[in-house]
Amino acid sequence: MPDFTVSDQLPVTIWDRLLGTPLMIAGIVVIALFLRWVVHRAIRKVIAMMEQRSAERVTSGRATRVLRQATGLDNERRKQRAATVGSLLRSISTVLIFTIAALTIMAELGVPLAPLLTSAGIGGVALGFGAQSLVKDFLSGIFMIMEDQYGVGDVIDTGEAIGTVEEVTLRVTRLRDAAGVVWYVRNGEIIRIGNKSQGWAVALIDIPIAYDQPVEKALDTLRTVTRTIDDESPWKEVLLEEPQVAGVESVSGGVVTLRIIAKTVPGEQYALSREVRERSKNALDAAGIRGPALPPYSAGAGI
């Protein structure tokens, strides 16, 4: 049996220490960089497919066309949301990959990971208890962005405040109400969201006439008004369909209330309601249809 001396074993030990560990570390770094490149490339392809599908969707019909042009359902907003989600996924994947690579390198250098992971776990638990509201805000913000619950320019009801969204971050949402007050609402505190700017809105317009007036004539007059307003700019650009004269809504106290229902893009129902009321008043007057009688004046009413 051959007898090896210390001098025979020394070159092998030095070789392992000088080249074995550094090569292993370099290999770990290269693998981490390559894996990060692969993951980021896959995320970019998925985002590009999402944007392409959004752009290739065929708009059919007046309502679909108007909705996509005037609300938050257009392609540009979808692209912005996809880009935001892609950036978030790339950041998360980068942190995970390099964290695993760093732990692997530390293990290769002989650093005991058990005490480190135990300390990190205890610190994470303590940090989680201390910053659980912050974590809740961030998670809520991530889901809000991914689900496109609302965006900048939307009018929303958060339960605490109602206003127009000016900024959306992972932690807070900033909106301005009708009085000009700026509200900063933490995402984690938002239990429900009422978005008044997505999809479409409905304008319910009630037109009162006197009880003794011909109802059918009044309805025909209102139908003429709705057809006219549906063919004129700028109202035909905000109407999703021709307003419908629903008929008699109520009969009470010598007043017959006629209702018009109009489906519009979000935020335009108020201006449309004012325009329809004005035109209906003028058309009913021209047709000789009187409105409800005014209550008798009482001399002591102002006392």
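Residues numbered from 1 in each chain as written. Predicted model: local features only at pLDDT ≥ 70, side-chain atom pairs only at ≥ 80, totals over all residues. Heavy atoms only, no water.

- In the annotation of an unreviewed UniProt entry, the protein chain is listed under the name Small conductance mechanosensitive channel and assigned to Yimella lutea.
- For the protein chain, the Sequence similarities (unreviewed entry) comment in UniProt is given as "Belongs to the MscS (TC 1.A.23) family."
- If you open the UniProt record of the protein chain and go to Subcellular location (unreviewed entry), you find "Cell membrane". (UniProt positions renumbered as here; feature names shortened; annotations may be inferred.)

Comments concerning the overall build of the protein chain
- Per the secondary structure count, the protein chain includes 8 helices and 8 strands.
- With 303 residues in all, the protein chain has 29% of them scored as buried.
- In the protein chain, the share of contacts with a sequence separation of at least 24, taken over all contacts with a separation of at least 6, comes to 66%.
- Counting only carbon and sulfur atoms, one obtains 62% of the accessible surface of the protein chain, whose full area is about 19,100 Å². (Helix = DSSP H or I, 4+ residues; strand = E, 2+ residues; numbered from the N terminus. Buried < 20%, exposed > 50% of the residue type's maximum accessible area, 1.4 Å probe, protein only. Contact = heavy atoms within 4.5 Å. Areas by Shrake-Rupley, 256 points an atom, 1.4 Å probe, with all protein chains shown as cover.)

Digging into the sheet that holds strand β8 (residues 255-264)
- If you walk across this open sheet you meet the 3 strands as β6-β8-β7, and the pairing is antiparallel. On the outer flanks of this sheet lie β6 (201-210) and β7 (244-252), each paired with one strand and no other. This sheet shows a mean twist of 25° between the axes of neighbouring strands, independent of strand direction.
- By the bridge criterion, 7 bridges tie β7 to β8 in an arrangement that is antiparallel. Paired with Gln-244 across the bridge in β8 is Ile-261.
- In this fold helix α8 (residues 269-286) packs onto β6 and β8, with an angle of close to 25° to the strand it touches most, β6. (Pairing = 2+ DSSP bridges. Axes fitted to C-alpha atoms, helices over the stretch in contact; angles between N-to-C directions.)

Section: the confidence of the model for the protein chain
- Residues with a pLDDT of 70 or more make up 75% of the protein chain, whose mean pLDDT is 79.
- Averaged pLDDT values over the elements of the protein chain bottom out at 54 in helix α2 (residues 62-70) and peak at 94 in helix α6 (residues 215-230).
- Taken as a whole, residues 4-10 scores under 50 in pLDDT and shows 1 contact with residues more than four places along the chain or in a different chain.
- Contacts from residues 298-303, a stretch scored under 50 in pLDDT, to residues over four places away or in other chains number 0 contacts. (pLDDT = per-residue confidence, 0-100.)

Topic: the nonpolar core
- Of all hydrophobic cores here, the largest spans 22 residues; its most connected members are Ile-209, Leu-222, Leu-258, Ile-260, Leu-272 and Leu-284.
- Discounting chain neighbours no more than four positions away, the residues touching Leu-272 are Ile-229, Trp-235, Leu-239, Ala-262 and Thr-264.
- Tyr-150, Ile-156, Val-165 and Leu-175 belong to the second-largest nonpolar core, a separate cluster that totals 8 residues. (Core = buried A, V, L, I, M, F, W, Y, C linked by side-chain atoms within 4.5 Å.)

Regarding α6
- Taking 1.5 Å per residue as the helical rise, α6 with its 16 residues ought to reach 22 Å, and the 22 Å between its terminal C-alpha atoms agrees with that figure.
- Residues Ala-218, Leu-219, Thr-221, Leu-222, Val-225, Thr-226, Ile-229 and Asp-230 constitute the buried set of α6. (Expected span 1.5 Å × (residues − 1).)

Describing the layout of surface pockets
- In this structure, the second largest pocket occupies an estimated 170 Å³ of space.
- Those elements that provide at least two residues to the lining of the second largest pocket are β6 and α8.
- If you tally residues by element for the lining of the second largest pocket, the top one is α8, at 5 residues.
- Grouping the constituent residues of the lining of the second largest pocket by class yields 5 nonpolar, 2 polar and 4 charged. (1 Å grid on protein atoms, 1.4 Å probe; cavity = no way out; pocket = protein on both sides within 12 Å on 5 of 7 lines; lining within 4 Å. Points joined across faces, edges and corners; volume = space filled by probe spheres on them. Nonpolar A, V, L, I, M, F, W, Y, C, P; charged D, E, K, R; others polar.)

Observations concerning the environment of Ala-32
- Note that Ala-32 resides in helix α1 (residues 6-56).
- Ala-32 gets classed as buried once you look at its relative accessible area, which sits at 5%.
- When the C-alpha positions of Ala-32 and Ala-102 are compared, they lie 9.5 Å apart, and in sequence the two are 70 residues distant.
- In this view, Ala-32 contacts Ile-97, Phe-98 and Ala-101; residues no more than four positions away in its chain are not counted.

Remarks on the side chain of Arg-259
- One can find Arg-259 in strand β8.
- Taking relative accessible area as the criterion, Arg-259 reaches 18% and is therefore assigned buried.

A word on the UniProt feature "transmembrane region" (unreviewed entry) in the protein chain
- Taking the numbering used here, the UniProt-annotated feature "transmembrane region" (unreviewed entry) corresponds to residues 20-39, 87-107 and 113-135.
- Structurally, residues 87-107 comprises 100% helix and 0% strand, and the distance from its first C-alpha atom to its last is 31 Å.

Quick word on the pattern of salt bridges
- Tallying each qualifying case throughout the model produces 14 salt bridges.
- Between Glu-167 and Arg-174 there is a salt bridge, with the nearest N and O atoms lying 3.3 Å from each other.
- According to the relative accessible area criterion, Glu-167 is partly exposed, its value standing at 35%.
- The exposure class of Arg-174 is partly exposed, given its relative accessible area of 23%.
- Arg-223 is paired through a salt bridge with Glu-216; the nearest N and O atoms lie 3.6 Å apart.
- What makes Arg-223 partly exposed here is its relative accessible area of 29%.
- If you follow the salt bridges from partner to partner, you end up with Glu-166, Glu-167, Arg-174 and Arg-176 in one network. (Salt bridge = Lys/Arg side-chain N within 4 Å of Asp/Glu carboxyl O.)

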